[in-house]
Amino acid sequence: MDHRHGFLNGLDEKLEYSKNKPAFLHPSSRWTSVLTVNNNRAQHQAWGLWTLGSVRKIKILSFLFGLMVTVLIMASYILTRDQKGLYLTPSPYHLTIESHPAQLPLNLSFATDYTVVREVVRSIVAKVDFSHRRVPDLREVREKEPNIFSAIPRKFLPHLKNPCWYEEFFGNITADPYGKNLYALYSKRFQAIYDYLRRAFPAHLHQHAGRLYRLRCLPFFYIIGQPKCGTTDLFDRLRLHPEVHFTTMKEPHWWTRKRFGVIRLSNSFHNPYPLNDYLDVFDQAANHIRDHLTSNSSKSHKKVNIIIGEASASTMWDNNAWVHFYNNGTDVEPPFLVQDFIHAVQPDARFIVMLRDPVERLYSDYLYFGMANKSVEDFHERVSESLHLFEGCLAERSIRSCIYNTTLNNLMPVRLQVGLYVIYLLDWLSVFSREQILILRLEDHAANRKITMRKVFKFLQLGPLTLQKEEDITKSPASNTRRPANRNLGPMLPITKEILQSFYKPFNQRLAQVLRDPAFLWT
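For clarity, every value in this text was computed on a predicted model and none was experimentally measured.

### Regarding unusual backbone geometry
Okay, step 1: Note that the residue after glycine 225, namely glutamine 226, is joined by a cis bond; omega there is -10°.
Okay, step 2: Considering the arrangement of structural elements, one finds glutamine 226 in the loop between strand E4 (221-225) and helix H10 (231-238).
Okay, step 3: Positive phi values are uncommon outside glycine, yet glutamine 461 reaches one of about 55°.
Okay, step 4: With respect to the secondary-structure elements, glutamine 461 resides in the loop between helix H21 (449-459) and helix H22 (467-475).
Okay, step 5: Residue classification places glutamine 461 among the partly exposed positions, given a relative accessible area of 48%.
Okay, step 6: Residues other than glycine seldom take positive phi values, yet tryptophan 522 does so here, at roughly 50°.
Okay, step 7: Topologically, tryptophan 522 is positioned in the segment after helix H24 (494-515).
Okay, step 8: Taking relative accessible area as the criterion, tryptophan 522 reaches 12% and is therefore assigned buried.

This is the structure we're talking about:
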């Protein structure tokens, strides 16, 4: 990875984007026909102020004329929904998007024309294809991110179920080993955990042949998706199993965001998080494994069955940084995906995916993010505008190209693409086997948590539980449920649901076919 990208300031980022902006945003592109360039907004506002300022100076007729002009301007303003930031979801590329005319509000007052929106959906469905991606070979992956592969060995300790290894420690034992960890610096909620780890650090070093070593670990399994599909609830229940430990935070987002320097979705690039900072978030769990390993040293190396999990719901779908780091100026699809790098270091890793009806997922996603004036009508307009943008991209590109198009993803008012589960799943299956990925449905989990959790325990090859412990895990209240204020909005409009069901239908059909389970049709 070219770490120079991690230090881009706003100006550099704008210049870089102008050179490498996607073809479908070029001024000559037909895709830009759905965009309205309101570069006269300042003039309109100035005219409105001049009109109001002249009330005391002109005759009553001129006042009426000026008032009429003001009303017309305001009406035009409302119809075009010219409100700052209304149609832009939080983006890690905020500076990049603002530097381009495409970030201006859309002139889509026809969005509520149901006939037009239905026609847009039909146009999209007609272009759906499930073509395979080109999978890079291992040599290409290793050459692209050599820093990852120089730190992680190809073989792990044999007497541990979890992938771990000993790394020689060259630092000062009295110094703070987490003093420069960016997770610790940016995550004040976890300062207490890092304070504990600092104090426990010397005691967990392993001495051999006059040298000091620390136990390093990667996760045995990843909960990779999808957002608003129950991953938090699954995380909270699974962590209650005595053989399961997690990272010091639920979602480190290292593979998809932090290693590129994306810290918060509303900001631009910062310094990339080093691999060592990511490995540090497993140290608390590694200490438990180290303690069990030490206690078993006199027992003929009895296998330690503790495993570590990582639960970043962005891992399955978020590849938005690719265009800034892997783009050679001609590619319209990312040449490397997150799973390529995980597979290169952990070919035996396991993954858990929780899905739900993509229509309901999108509405829950909309309700979750903090924004003013949420309503079912506003949700419908955002859906309509996102569909128009998606159709515009498909006029020139493939489904996969549009799903991974960073600019389009940042422009769409709602995250339509996240619900196209089968596209992401097929890309994961291009490098991992079907047996390594457990696919669950939130609807089944909500109906019977005991059955779902037993599937998870079996998939992870966990030891048996007492009936009381299983009861504790499965009977606790659901986590991360919808807030009361959002529940009061009620369900989405029936027309919105109908339009979204039509949009997602071919993708759900393909998903049910791949998984050989009609339940994923969500009909």
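There is more to say, and it comes next.
### Regarding the state of the cysteines
Okay, step 1: Applying the stated criterion across every chain yields a total of two disulfides.
Okay, step 2: The disulfide that involves cysteine 164 links it to cysteine 217, with 2.1 Å between the sulfurs. Judged by the sign of its S-S torsion, about 105°, the cystine formed by cysteine 164 and cysteine 217 is right-handed. Here cysteine 164 is found in strand E1 (residues 164-168), whereas its partner cysteine 217 is found in strand E3 (residues 211-217), with 53 residues between them in sequence.

### Some thoughts on the sheet that holds E3
Pairing between the strands of a sheet comes from backbone hydrogen bonds, and it takes one of two forms, parallel or antiparallel.
Okay, step 1: Strand order in the open sheet formed by three strands is E1-E3-E2, with antiparallel pairing between adjacent strands. Only two strands of the sheet have a single neighbouring strand rather than two, namely E1 and strand E2 (206-208). On average, each strand axis in the sheet is tilted by 40° relative to the strand beside it, whichever way the strands run.
Okay, step 2: Two strands pair when backbone bridges link them, and E1 and E3 are joined in this way by five bridges, in the antiparallel orientation. Bridged to glutamate 168 within E3 is tyrosine 213.

### A word on the pattern of salt bridges
It is possible for side chains bearing opposite charge to pair when their charged atoms get close.
Okay, step 1: Scanning the entire structure with this criterion turns up 28 salt bridges.
Okay, step 2: With a shortest N-O distance of 3.4 Å, glutamate 143 and arginine 139 are connected by a salt bridge. One end of the pair, glutamate 143, and the other, arginine 139, are both in helix H6 (residues 138-144), four residues apart, so they sit about a helical turn from each other.
Okay, step 3: On the basis of relative accessibility, which here comes to 49%, the residue arginine 139 falls in the partly exposed class.
Okay, step 4: Taking the shortest distance from any N to any O, the salt bridge between arginine 454 and glutamate 470 comes out at 2.7 Å. Separated by 16 residues along the polypeptide, arginine 454 in helix H21 and glutamate 470 in helix H22 bring together distant segments of the chain.
Okay, step 5: Given a relative accessible area of 11%, glutamate 470 falls into the buried group.
Okay, step 6: Via salt bridges that share partners, Glu167, Arg214, Arg216, Asp280 and Asp283 belong to a single interconnected network.

Analysis parameters
Residues numbered from 1 in each chain as written. Predicted model: local features only at pLDDT ≥ 70, side-chain atom pairs only at ≥ 80, totals over all residues. Heavy atoms only, no water. Helix = DSSP H or I, 4+ residues; strand = E, 2+ residues; numbered from the N terminus. Buried < 20%, exposed > 50% of the residue type's maximum accessible area, 1.4 Å probe, protein only. Disulfide = S-S within 2.5 Å. Pairing = 2+ DSSP bridges. Axes fitted to C-alpha atoms, helices over the stretch in contact; angles between N-to-C directions. Salt bridge = Lys/Arg side-chain N within 4 Å of Asp/Glu carboxyl O.

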